Amino acid sequence: MPETPHAKEVASSLLGACLRPGKDATDAAYEMQDHLEAAHFYDPNHKRVAAAIFRVLEEGDSPDQIAVTEKLREMGQLEAVGGAMYVTNLSTNAGLPSN
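Definitions and cut-offs
Residues numbered from 1 in each chain as written. Predicted model: local features only at pLDDT ≥ 70, side-chain atom pairs only at ≥ 80, totals over all residues. Heavy atoms only, no water. Axes fitted to C-alpha atoms, helices over the stretch in contact; angles between N-to-C directions. Helix = DSSP H or I, 4+ residues; strand = E, 2+ residues; numbered from the N terminus. Parallel < 35°, antiparallel > 145°, perpendicular 65-115°, else oblique. Contact = heavy atoms within 4.5 Å. Nonpolar A, V, L, I, M, F, W, Y, C, P; charged D, E, K, R; others polar. Expected span 1.5 Å × (residues − 1). Buried < 20%, exposed > 50% of the residue type's maximum accessible area, 1.4 Å probe, protein only. Arc of directions from axis to C-beta. Salt bridge = Lys/Arg side-chain N within 4 Å of Asp/Glu carboxyl O.

Caption draft 1: Up close: the packing of helix 3 (residues 44-58) against helix 4 (residues 65-74). Across the interface, helix 3 lies against helix 4 with an axial gap of 9 Å and an inter-helix angle of 105°. Judged by the inter-axis angle, helix 3 sits roughly perpendicular to helix 4. Across the interface between the two elements, Arg48, Val49, Ala52, Ile53, Arg55 and Val56 of helix 3 pack against Ala67, Val68, Lys71 and Leu72 of helix 4. The residue inventory of the contact of helix 3 with helix 4, partitioned by class, reads 7 nonpolar, no polar and 3 charged.

Now the structure itself:
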């Protein structure tokens, strides 16, 4: 079976951009939700974080790193992704251009 194409750094940047505080990040998360599902991510940790982002959005909240960390905890997945530091690192290393 051939390996699924993936770009871990791109996926990390996409998820990290959605975890930033503010309207632009929330808009990015909604845009991601319109086009992707958690299952589209290759890395299991990315799948878990994407699922948490989508659940936070479905609850009408902004998926910043605090909300997503708490959602992962509620889902029993926080330790599986490497803890709160993993979510923080995604957000911090998103590589968003500055205005």
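Caption draft 2: Fine view of helix 2 (residues 23-35). In this model, helix 2 (13 residues) spans 19 Å end to end at C-alpha, consistent with the 18 Å of a helix rising 1.5 Å per residue. Turning to helix 2, its buried residues number three or more, namely Ala25, Thr26, Ala29 and Met32. Viewed along the axis of helix 2, the buried residues span an arc of 115°, placing them on a single side of the element. Of the exposed residues in helix 2, the ones pointing more than 90 degrees away from its buried face are Lys23, Asp24, Asp34 and His35. Looking at the buried residues of helix 2, the elements they touch are helix 1 (8-19) and helix 3.

Caption draft 3: Highlighting the pattern of salt bridges. Applying the stated rule across the entire model yields 5 salt bridges. Of the charged contacts, one joins Lys71 and Glu74 as a salt bridge, the two residues approaching to 2.8 Å between their closest N and O atoms. With Lys71 and Glu74 both in helix 4, this residue pair falls 3 residues apart, about one helical turn. The exposure class of Lys71 is buried, given its relative accessible area of 7%. Given a relative accessible area of 61%, Glu74 falls into the exposed group. In the salt-bridge network here, residues are joined through shared partners; they are Glu59, Lys71 and Glu74.

Caption draft 4: View of helix 6 (residues 84-92). Those residues of helix 6 that fall on the buried side of the exposure criterion are Tyr86, Val87, Leu90 and Ser91. An end-on view of helix 6 places all buried positions within 135° of arc, on one side of the element. Residues of helix 6 that are exposed and angled more than 90 degrees away from the buried face: Met85 and Thr92. If you follow the buried residues of helix 6, they end up packed against helix 1, helix 3, helix 4 and helix 5 (78-81).

Caption draft 5: Region of the structure containing the environment of Ser62. Within the fold, Ser62 resides in the loop between helix 3 and helix 4. Assessed through its relative accessible area of 31%, Ser62 is described here as partly exposed. Between the C-alpha atoms of Ser62 and Tyr30, which are 32 residues apart in sequence, the distance is 9.8 Å. With residues up to four places along the chain from it excluded, the contact list for Ser62 reads Thr26, Val56 and Ala67.

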